[in-house]
Amino acid sequence: MNNQFSFPDLISLFQSVEEHLHHHNLEVALSRVRTILAYDRNNYYALAIERRLMRLLDFQQTPSDISYSTKYYSAIVIVALENVCQMAVRFQMNLQAEASS
């Protein structure tokens, strides 16, 4: 992709992913993650989020009864993914600080 993302762009994208996860907009969150991956194919944070989001979406589309345990599993995964987004933002901020030193 020809677009050049700067550190603030990646930070805002990860923050956007976190916000969409928080509101359970999983498809939109996945789209934002794929935007990150279009720029940086090896972004381990984005790769981990994408893999788990796809698994969560598949899990939710299984034609089984939506039980308390299913909702609980989904909630736990979403919180974990929000934490991964926060770690990615901190990592990007540290890179930005190092680059400006």
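Scroll up for the structure.
What you are looking at is a predicted structure, and each value in this text was computed from that prediction instead of being measured.

1. Examining a nonpolar patch on the surface
Phase 1 of the analysis: On the surface, Tyr68, Tyr72 and Ile76 cluster together into a nonpolar patch covering about 390 Å² of accessible area.
Phase 2 of the analysis: Along the chain, the position of Ile76 falls in helix α4 (residues 68–100).
Phase 3 of the analysis: Residue Ile76 is classed as partly exposed on the basis of its relative accessible area, which comes to 45%.

2. Observations concerning the packing of aromatic side chains
Phase 1 of the analysis: Applying the stated criterion to the full structure yields two aromatic pairs.
Phase 2 of the analysis: An angle of 45 degrees between the planes, with centres 5.7 Å apart, marks the rings of Tyr45 and Phe91 as tilted. Note that Tyr45 is positioned in helix α3 (residues 44–61) and Phe91 in helix α4, a separation of 46 residues in sequence.
Phase 3 of the analysis: Overall, Tyr45 belongs to the partly exposed group, its relative accessible area being 24%.

3. Let's talk about the nonpolar core
Phase 1 of the analysis: Val17, Leu21, Ile49 and Leu53 are the most contacted members of the largest nonpolar core, which has 24 residues in total.
Phase 2 of the analysis: Looking at this core, the elements that each hand over two or more residues are α1 (7–22), α2 (26–39), α3 and α4.
Phase 3 of the analysis: Take this core: its biggest share by element is seven residues, from α4.

4. Observations concerning the environment of Gln15
Phase 1 of the analysis: Locating Gln15 in the fold gives a position in helix α1.
Phase 2 of the analysis: Spatially, the C-alpha atom of Gln15 lies 7.3 Å from that of Val89, the residues being 74 residues apart in sequence.

5. Looking at unusual backbone geometry
Phase 1 of the analysis: At His24, a position not held by glycine, the phi torsion is positive, near 60 degrees.
Phase 2 of the analysis: Residue position: His24 is located in the loop between α1 and α2.

6. Some words on α2
Think of an α-helix as 3.6 residues a turn; residues three or four steps apart then line up on the same face.
Phase 1 of the analysis: Taking 1.5 Å of rise per residue, 14 residues should cover 20 Å, and α2 covers 20 Å from first to last C-alpha, within 8% of that figure.
Phase 2 of the analysis: Taken together, the buried positions of α2 are Leu26, Ala29, Leu30, Val33, Ile36 and Leu37. When α2 is viewed along its axis, its buried side chains cluster within an angular range of 115 degrees and face the same direction.

7. Brief notes about the pattern of salt bridges
Oppositely charged side chains can pair when the atoms bearing their charge come close.
Phase 1 of the analysis: Taken as a whole and judged by the stated rule, the model has one salt bridge.
Phase 2 of the analysis: Linking Glu50 and Arg34 is a salt bridge whose minimum nitrogen-to-oxygen distance equals 3.1 Å. Taken together, the residues span a long stretch of sequence, with Glu50 in helix α3 and Arg34 in helix α2 at a distance of 16 residues.
Phase 3 of the analysis: The class of Arg34 is partly exposed, set by a relative accessible area of 40%.

How each quantity is defined
Residues numbered from 1 in each chain as written. Predicted model: local features only at pLDDT ≥ 70, side-chain atom pairs only at ≥ 80, totals over all residues. Heavy atoms only, no water. Patch = residues over 30% accessible without salt bridge, like charges linked within 9 Å, V, L, I, M, F, W, Y side chains within 5 Å. Areas by Shrake-Rupley, 256 points an atom, 1.4 Å probe, with all protein chains shown as cover. Salt bridge = Lys/Arg side-chain N within 4 Å of Asp/Glu carboxyl O. Helix = DSSP H or I, 4+ residues; strand = E, 2+ residues; numbered from the N terminus. Buried < 20%, exposed > 50% of the residue type's maximum accessible area, 1.4 Å probe, protein only. Phe/Tyr/Trp six-rings, centres within 6.5 Å; stacked < 30°, edge-to-face > 60°. Core = buried A, V, L, I, M, F, W, Y, C linked by side-chain atoms within 4.5 Å. Expected span 1.5 Å × (residues − 1). Arc of directions from axis to C-beta.

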